[in-house]
Amino acid sequence: MTFNRKCEFNQREQFERICNEYPCFGKIHNIIWEFKGILTGKNVDALDKWMEKAKKLGIPEIDSFICGLERDLDAVRNAIKYEYSNGLAEGSINKLKVIKRVMYGRSSFETLRIKTLRLEKMRLLN
């Protein structure tokens, strides 16, 4: 079992001890780091092989994750392949929804609009 990050000797020793005591932990650790490598390496072709390898582990949580990937496989492949995403838009929408929930039943739409615009103006100045 290999520790995939730079670490102190004590951390590596602890990691190896945990992997020896709980072999499933080492398998999960490796499969997660392989998936991260696929994402950061932009290697779309390796995704199918990784999914088959991960299914063979028989870990319910990993199987559930793979089912989620399979439901929207085209989007996952595009996320690996392309540099851009809609994260900025999603973040803005999420922030607006949080403000809306906090203000629910307390004020009008006009107050919500003003508060949102003020927060956005403050963000631009910082």
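Refer to the structure presented above.
### Looking at the overall build of the protein
Within the protein, the regular secondary structure consists of seven helices and zero strands. Each of the 126 residues in the protein was classed as buried or not, and the buried ones make up 19%. A sequence separation of at least 24 residues applies to 45% of the contacts in the protein between residues at least 6 apart. Taken as a whole, the protein presents about 10100 Å² of accessible surface, with 56% of it coming from carbon and sulfur. Of the charged side chains in the protein, 24 are positive and 17 negative; the average position of the first set lies 9 Å away from that of the second.

### As for helix H2 (residues 23-41)
Its 19 residues give H2 an end-to-end C-alpha distance of 27 Å, which sits within 8% of 27 Å, the value for a rise of 1.5 Å per residue. Looking only at H2, the buried set comprises Gly 26, His 29, Ile 31, Phe 35 and Ile 38. Positive backbone phi, approximately 55 degrees, marks Lys 42, located one or two places after H2.

### Focus on the environment of Ser 85
Relative to the helices and strands, Ser 85 is located in the loop between helix H5 (73-81) and helix H6 (87-103). On the basis of relative accessibility, which here comes to 65%, the residue Ser 85 falls in the exposed class. A C-alpha to C-alpha distance of 27 Å links Ser 85 and His 29, two positions 56 residues apart in sequence.

### Describing the packing of H2 against helix H3 (residues 46-57)
For the pair H2 and H3, the least separation of the axes is 10 Å and the interaxial angle reads 165 degrees. Taken together, the axes of H2 and H3 are roughly antiparallel relative to one another. Handedness of the H2/H3 crossing: left-handed. Between H2, through Lys 27, Ile 31, Glu 34, Phe 35 and Ile 38, and H3, the contact on the second element is made entirely by Ala 46, Leu 47, Trp 50, Lys 53, Ala 54 and Leu 57. A breakdown of the residues in the contact of H2 with H3 according to their chemical character gives eight nonpolar, no polar and three charged.

### Focus: the packing of aromatic side chains
Here the distance between the centres and the angle between the planes together describe a pair of aromatic rings. Going through the model one piece at a time under the given rule, you end up with five aromatic pairs. Judged by centre distance (4.7 Å) and plane angle (40 degrees), the ring pair of Phe 35 and Trp 50 falls under tilted. Of this pair, Phe 35 sits in helix H2 while Trp 50 sits in helix H3, and the two are 15 residues apart along the sequence. Since its relative accessible area comes to 4%, Trp 50 is described here as buried. Chaining the aromatic ring pairs together yields one cluster made of Phe 35, Trp 50 and Phe 65.

### Focus: the pattern of salt bridges
Evaluated as defined, the whole model comprises six salt bridges. Among the salt bridges present, the one from Glu 34 reaches Lys 53, with a minimum N-O distance of 2.7 Å. Taken together, the residues Glu 34 in helix H2 and Lys 53 in helix H3 connect sequence positions 19 residues apart. You can call Glu 34 partly exposed: its relative accessible area is 31%.

Calculation rules
Residues numbered from 1 in each chain as written. Predicted model: local features only at pLDDT ≥ 70, side-chain atom pairs only at ≥ 80, totals over all residues. Heavy atoms only, no water. Helix = DSSP H or I, 4+ residues; strand = E, 2+ residues; numbered from the N terminus. Buried < 20%, exposed > 50% of the residue type's maximum accessible area, 1.4 Å probe, protein only. Contact = heavy atoms within 4.5 Å. Areas by Shrake-Rupley, 256 points an atom, 1.4 Å probe, with all protein chains shown as cover. Lys, Arg positive; Asp, Glu negative; His and termini not counted. Charge placed at Lys NZ, Arg CZ, Asp CG, Glu CD. Expected span 1.5 Å × (residues − 1). Axes fitted to C-alpha atoms, helices over the stretch in contact; angles between N-to-C directions. Parallel < 35°, antiparallel > 145°, perpendicular 65-115°, else oblique. Left-handed = near helix turned anticlockwise from the far one by under 90°. Nonpolar A, V, L, I, M, F, W, Y, C, P; charged D, E, K, R; others polar. Phe/Tyr/Trp six-rings, centres within 6.5 Å; stacked < 30°, edge-to-face > 60°. Salt bridge = Lys/Arg side-chain N within 4 Å of Asp/Glu carboxyl O.

On their own, these measurements won't tell you what the molecule is for.
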